[in-house]
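Listed below, chain by chain, are the residues.
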Amino acid sequence: MVCVGGSNCSMSWCPRSCRSPLGYAARSLFQFVTGTLAPDSVEDEFELSTVCHRPEGLEQLQEQTKFTRKELQVLYRGFKNECPSGIVNEENFKQIYSQFFPQGDSSTYATFLFNAFDTNHDGSVSFEDFVAGLSVILRGTIDDRLNWAFNLYDLNKDGFITKEEMLDIMKSIYDMMGKYTYPALREEAPREHVESFFQKMDRNKDGVVTIEEFIESCQKDENIMRSMQLFDNVI
Amino acid sequence: MAAGVATWLPFARAAAVGWLPLAQQPLPAAPQGCEARSDEVLVVNVSGRRFQTWKNTLDRYPDTLLGSSEKEFFFDPDSGEYFFDRDPDLFRHVLNFYRTGRLHCPRQECIQAFDEELAFYGIVPELIGDCCLEEYRDRKKENAERLAEDEEAELGGPGGAGADWALPPGSPFRQRLWRAFENPHTSTMALVFYYVTGFFIAVSVIANVVETIPCAAGGRAGWREEPCGDRFPLAFFCMDTACVLIFTGEYLLRLFAAPSRGRFLRSVMSLIDAVAILPYYIGLFVPKNDDLSGAFVTLRVFRVFRIFKFSRHSQGLRILGYTLKSCASELGFLLFSLTMAIIIFATVMFYAEKGTSKTNFTSIPAAFWYTIVTMTTLGYGDMVPSTIAGKIFGSICSLSGVLVIALPVPVIVSNFSRIYHQNQRADKRRAQQKVRLARIRMAKSGTTTAFLQYKRNRGLEDQDGAERPALSTRSSSAFEQQHHHLLHCLEKTTSHEFTDESTFSEALGVISLGGQTSRSTSVSSQAVIGTSTRASSLISSCCPRQNKQRRAIRLANSTASVSRGSMQELDTLAGHHSPGPQSSRASLNAKTHDTLTLNCDSQDLVAAIISIPTPPANTPDESRPRSPASDRGEGPGRPSSGSSSSSRGALRNSSLGPSYLLHNAVKISSL
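Residues numbered from 1 in each chain as written. Chains lettered and ligands numbered in written order. Predicted model: local features only at pLDDT ≥ 70, side-chain atom pairs only at ≥ 80, totals over all residues. Heavy atoms only, no water.

By the naming in an unreviewed UniProt entry, chain B goes by A-type voltage-gated potassium channel KCND1 and is assigned to Phascolarctos cinereus. UniProt annotates chain B under Sequence similarities (unreviewed entry) with the comment "Belongs to the potassium channel family. D (Shal) (TC 1.A.1.2) subfamily. Kv4.1/KCND1 sub-subfamily." Per its UniProt entry, chain B bears the Subunit (unreviewed entry) comment "Component of heteromultimeric potassium channels. Identified in potassium channel complexes containing KCND1, KCND2, KCND3, KCNIP1, KCNIP2, KCNIP3, KCNIP4, DPP6 and DPP10." (UniProt positions renumbered as here; feature names shortened; annotations may be inferred.)

Under an unreviewed UniProt entry, the name given to chain A is Kv channel-interacting protein 2 isoform X2, and the source organism is Phascolarctos cinereus. Recorded in UniProt under Sequence similarities (unreviewed entry), the annotation for chain A is "Belongs to the recoverin family." Reading the Subcellular location (unreviewed entry) entry of the UniProt record for chain A gives the comment "Cell membrane".

And the structure:
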């Protein structure tokens, strides 16, 4: 029989594994009397020390991405310097990204970015994920980039961007601006921006934007096409 | 994990693809010109120092960086060597590990730096050889404890029991009351109340004591003396009533103000309060008949617990209590071993003395008294052995008593000293924290100002059209250019611009802020920019001892105004001669252990943007008694969401001359 809770657990028929307060009290009294000092818990900490992740070889990465060997070397050196364990988890990611936006709160947008980079959804971004993402953005075709952006906006990865998802994204971007802006940020600004976005992108007015609508609308927009050249010489 | 920002900048810029389709205005153009065997002897170049080793040596440990193909990423084909931009002194130890198979820990190096090197090279610290393992572990534990204290101080400090900045005016009365109880120094009323209760505790205790002194009794029984309490019953009753009223009032007020009543009721201090005042009420309501008067008298003993109420007023007392609590196992061991010895010796003495007539050792429990008195070397002499065997065993008893008692005592003493020093450190750190935060805010504002200046320059440049942007680009590095471009893209995406606080408040025309901002402008006299954030934050947590003096010296040299030039001045002051991007990465590196998150909901009323060349700040000396971080039982009274009122900057009305703003959380980022 298993003891549930503490109140009606009497010692007589209580099995050894009973986690009643009585057992606990008896155990702690025993420890108190025999003077067993607190166990050294430092050993436990050591167990979870360096979890090291090593990327695939240089050649494989060269095949999978559009970077040259030298570029990969440079990228890796930087990556390894900052993350010796070889992976970035969400907290570190947010920390890194927040350093570029001191005025505002970039943690939400960083989370979205993290989910977009973490293609296998294992909670960490390894060097391969990192480089794969960068390759698409910096060396991919315009369609590739738009695809990547769509993937970023589609928070639940179901192939549609709903207004709620867009609103979340928009709010997170506006959060990065912080408080001191000109003109002052109003509460409705993100919502209005989302409305105008949907106005432009949602062709069949069904309340969601699919990938085709998205790419089509973006290709028609001159501003977007021109701005795409931004990414040509980032690395 | 050290976050070097320059490395991640390309990533952040790439991530801007997410803003592209949302931008309602065209994004600005990117800044231009920015833009890398059989057994043989390998050359490993670590920051200029060349190490040479056989390839086989490195291959001995294939699951480390140098032993696997990961080192190919660091190969420089032009020079044919592996280049690592790391510490060459520590690398020596890493390489020796490959050579000898044993990893040693350098004694004079910072343990955290060594840890980072090991992590980089993929070597697990468990491989440290036995000769160095103990010391490594000890130093690491010490560091971890210190870091934990740091974090505790950061999290618990501003909102916790040690906080001393006033709540914003809008907070509920209950919260203010609790704050007044916890930190008497926040308002004069609270201070007055604090001293009054202290006075009444003392009065009550003294009255209890004086009650029992025999006063000369006049009148009836002539030469018979009776206690003062019986001679002046009314006076003592009135005094007692007054004290109990005050204590009851205080208890009820605390109960009302406590953020968590259940927890308050269970806390030690409230129990002491309750025990202190209950006897009086029980005495009031219990009818005075002879049966119960005996019990009533016993209850009066509990009045002495009022003396424990002093522990709210005395930090030392609290530390003592905490020490005893934390040494519970040592105390338990002492008690247990003493009990064992007492039983053994009492039995022996009893049987040794059994034969003699008219002996005091009538039973074993009776012999306990003798054993205790002898083992603690008191030796009252009311029970003395008379047989020879009894005397022999008696002497053995007293000798062993000294040993048994002397053993656990140093442990307890060292615990006390450790906790006491911890408290002192916590107090000191709280004092320094404010200076640090002010400095950090100055540095942060530097970023904003730099960006705004960049924008203004760009504005000029656009107007001039054909003229090459000589002024702006010459004074800023490639890194800064790209960073500013990134921020510019964000502005265009959201169709809003970054401004600084003064323009913002002007634009809003908010008068209510005016009162507070005017106060805050006087603040920056505290803002010391003597050192870059690098010096203070990271070093302090890792290697505190060496750097305290350096910091003090740098503080003394501080005069600076926030501008690009000042950043350079900062660097030179800090002994930094590296060019722009280098220093920016370094100072961003510095933030690793000190991230406190800025929530943009918090109203940051810092006028740090406006910098005034100021005289250096003296180390604030604070000798206020304060509840140590250990006293959590009081309930920190901190609002549950960290970003709310507790993060508002406000002034501290303390003895320090220059008042400065304090912040719950600040994200450090400086270029």
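Once that is clear, we can look at the packing of aromatic side chains. Geometrically, a pair of aromatic rings is defined through the distance of the ring centres and the angle of the planes. In this structure the tally under the stated criterion is 48 aromatic pairs over all chains. When the centroid spacing of 6.3 Å and the interplanar angle of 90° are considered together, the rings of Phe84(B) and Phe120(B) count as edge-to-face. Residue Phe84(B) is located in strand β4 (residues 81–84), and its partner Phe120(B) is located in helix α4 (residues 111–120); the two are separated by 36 residues in the primary sequence. With respect to burial, Phe84(B) and Phe120(B) carry one shared label: buried. Its guanidinium or amino end placed over the ring of Phe120(B), Lys80(A) lies 5.6 Å from that ring's centre, counting from NZ or CZ. Here the guanidinium or amino end of Arg86(B) rests over the ring plane of Phe120(B), the centre of that ring lying 4.0 Å away. (Phe/Tyr/Trp six-rings, centres within 6.5 Å; stacked < 30°, edge-to-face > 60°. Helix = DSSP H or I, 4+ residues; strand = E, 2+ residues; numbered from the N terminus. Buried < 20%, exposed > 50% of the residue type's maximum accessible area, 1.4 Å probe, protein only. Lys NZ or Arg CZ within 6 Å of the ring centre and 35° of its normal.)

A separate point is the confidence of the model for chain A. All names here are of chain A. Residues of chain A with pLDDT of at least 70 account for 84%, and the chain-wide mean is 80. By mean pLDDT, helix α2 (residues 42–47) is the weakest element of chain A at 48, and helix α6 (residues 107–117) is the strongest at 91. Under a pLDDT of 50 for its full length, residues 1–14 has, in the predicted model, 14 contacts with residues more than four places off or in other chains. A low-confidence stretch, residues 41–48 stays under pLDDT 50, and its non-local contacts, those more than four residues away or across chains, total 7 contacts. (pLDDT = per-residue confidence, 0-100. Contact = heavy atoms within 4.5 Å.)

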